[in-house]
Amino acid sequence: MYGPGRPVTFVTHASFKQTPRSTNRMSRFPRRITAAALAVAAAAAVAAPAAHAQHTQQLDVGAQLLRQPKGKPWEMNLLMGATMGMSDNSTPAPVTRMRFSFPAGAKVNSDAFATCSANTLERRGPSACPSRSRIGKGSAVAVALANPFNADLTVFNGPGNRNRRQLNIFAKLREIPQLTVVLSGTLRRTSGRFGYTLDLPVRTIAPIGPGSEASIVKFETTIGGYGRLKGKRVPFVEAPTKCSGRGWPFQGQFTYADGASGTASAHISCTIRATPDS
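Thresholds applied
Residues numbered from 1 in each chain as written. Predicted model: local features only at pLDDT ≥ 70, side-chain atom pairs only at ≥ 80, totals over all residues. Heavy atoms only, no water. Disulfide = S-S within 2.5 Å. Helix = DSSP H or I, 4+ residues; strand = E, 2+ residues; numbered from the N terminus. Buried < 20%, exposed > 50% of the residue type's maximum accessible area, 1.4 Å probe, protein only. Phe/Tyr/Trp six-rings, centres within 6.5 Å; stacked < 30°, edge-to-face > 60°. Contact = heavy atoms within 4.5 Å. Polar contact = N/O pair within 3.5 Å; in protein donor to acceptor, adjacent residues only side chain to side chain. Pairing = 2+ DSSP bridges.

Next up on the list: the state of the cysteines. Tallying each qualifying case throughout the model produces two disulfides. Each sulfur of the disulfide joining C116 and C129 lies 1.8 Å from the other. Note on the C116 and C129 pair: the S-S dihedral is about -45°, so by sign convention the disulfide is left-handed. Of the two residues, C116 sits in the loop between strand 5 (107-108) and helix 2 (118-124) while C129 sits in the loop between helix 2 and strand 6 (134-144), which places them 13 residues apart along the sequence. Both residues of the pair, C116 and C129, belong to the buried class. Here C243 is linked by a disulfide to C270, with a sulfur-sulfur distance of 2.0 Å. A torsion of -90° about the S-S bond marks the disulfide between C243 and C270 as left-handed. Of this pair, C243 sits in the loop between strand 14 (237-238) and strand 15 (248-256) while C270 sits in the segment after strand 16 (261-268), and the two are 27 residues apart along the sequence. Under the relative-accessibility criterion, C243 is labelled partly exposed at 34%.

Here it is, written out as structure tokens:
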């Protein structure tokens, strides 16, 4: 079951500003322009900078050290989150897909945990899922019609195997408890610089009906805990046994409803520094 124990926590973050796409098209104007048209043009000129605002995204990652077995990988919880915005502080277009990459050498023991499907969550809710299928929790903030909405997140281990596993997120709005959303992502093993990727499509969220589509601007989760495999207590996440260069790399790729996209990277340093006591 999910639980942090007495962790030592390491956190890092990085941000990236996306280069805007050019969408200007040349157009012809009539020879005679009325005063009203000039006023409209002047107003448009004042508002023009907003059209060139860039999407921004920041990836926030960390690790909670749970246990250091002798001669074996560190057992840990993963802290995973992101913040999305615009360079002019306006509300961004809704994110439609997020893809996260995790460092090579890490190991996910998803087969040591029970499972709960997205269909079960949508039809019957979290209470219908085995307690041992819960692998994380967190929170999120979304903005709709200029109003913030807060959600509590619960993460469940879904159907699959070691190479391809479904991870399901159950979100419940605090302001409107009757409104819940289920997001389903796919965790895949890969090769190269990254050992796993999580592809997470984000469905449309309209908290108060059509026309109130929400933009997720921030989320944070803690993923991990312990399951059982062949009678042994096994962590959901085992850290890489090697660390070189800048450290363990992480990456997030974000796609938005307006067609824009952006990437953010971060790393957990190989050097662990002490925090001075206050």
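To continue, consider the packing of aromatic side chains. This model, assessed by the stated rule, comprises four aromatic pairs. When the ring of F100 is compared with that of F254, the centres are 6.0 Å apart and the planes differ by 85°; the resulting orientation is edge-to-face. With F100 in strand 4 (residues 95-103) and F254 in strand 15, this pair connects stretches of sequence that are 154 residues apart. Given the relative accessible area of 1%, F254 is considered buried. Taking the centre distance of 5.2 Å and the plane angle of 80° together, the rings of F113 and F236 count as edge-to-face. Separated by 123 residues along the polypeptide, F113 in the loop between strand 5 and helix 2 and F236 in the loop between strand 13 (232-235) and strand 14 bring together distant segments of the chain. With relative accessibility at 6%, the residue F113 sits in the buried group. Of the aromatic side chains, those joined through ring pairs into one cluster are F100, F219 and F254.

Right, let's get into the environment of Q166. Looking at the secondary structure, you find Q166 in strand 8 (residues 164-173). Along the primary structure Q166 and L198 are separated by 32 residues, whereas in three dimensions their C-alpha atoms are 9.1 Å apart. The contacts of Q166, once residues within four sequence positions are left out, are S117, A118, F156, N157, G158, P159, S184 and G185. Only 3.2 Å separates the side chain of Q166 from the side chain of N168, close enough to count as a polar contact.

Counted residue by residue, strand 8 has seven buried out of ten residues, so it is predominantly covered. One ladder, built from eight bridges, connects strand 7 (residues 147-160) with strand 8; its direction is antiparallel. By the bridge assignment for strand 8, T154 is matched with F170. Taking the residues that link successive antiparallel strands as the turn, the strand 7-strand 8 hairpin has three residues. Sheet topology note: the strand 8/strand 9 (residues 180-189) ladder contains nine bridges and is antiparallel. Bridging from a neighbouring strand, N168 pairs with S184 of strand 9. Between strand 8 and the antiparallel strand that follows it, strand 9, lie six residues.

As a further point, take unusual backbone geometry. The phi dihedral of L145 is positive, around 55°, even though this residue is not glycine. With respect to the helices and strands, the residue L145 is situated in the loop between strand 6 and strand 7. Judged by relative accessible area, L145 falls into the exposed class, the value being 52%. Here K230, not a glycine, exhibits a phi torsion of approximately 55°, which is positive.

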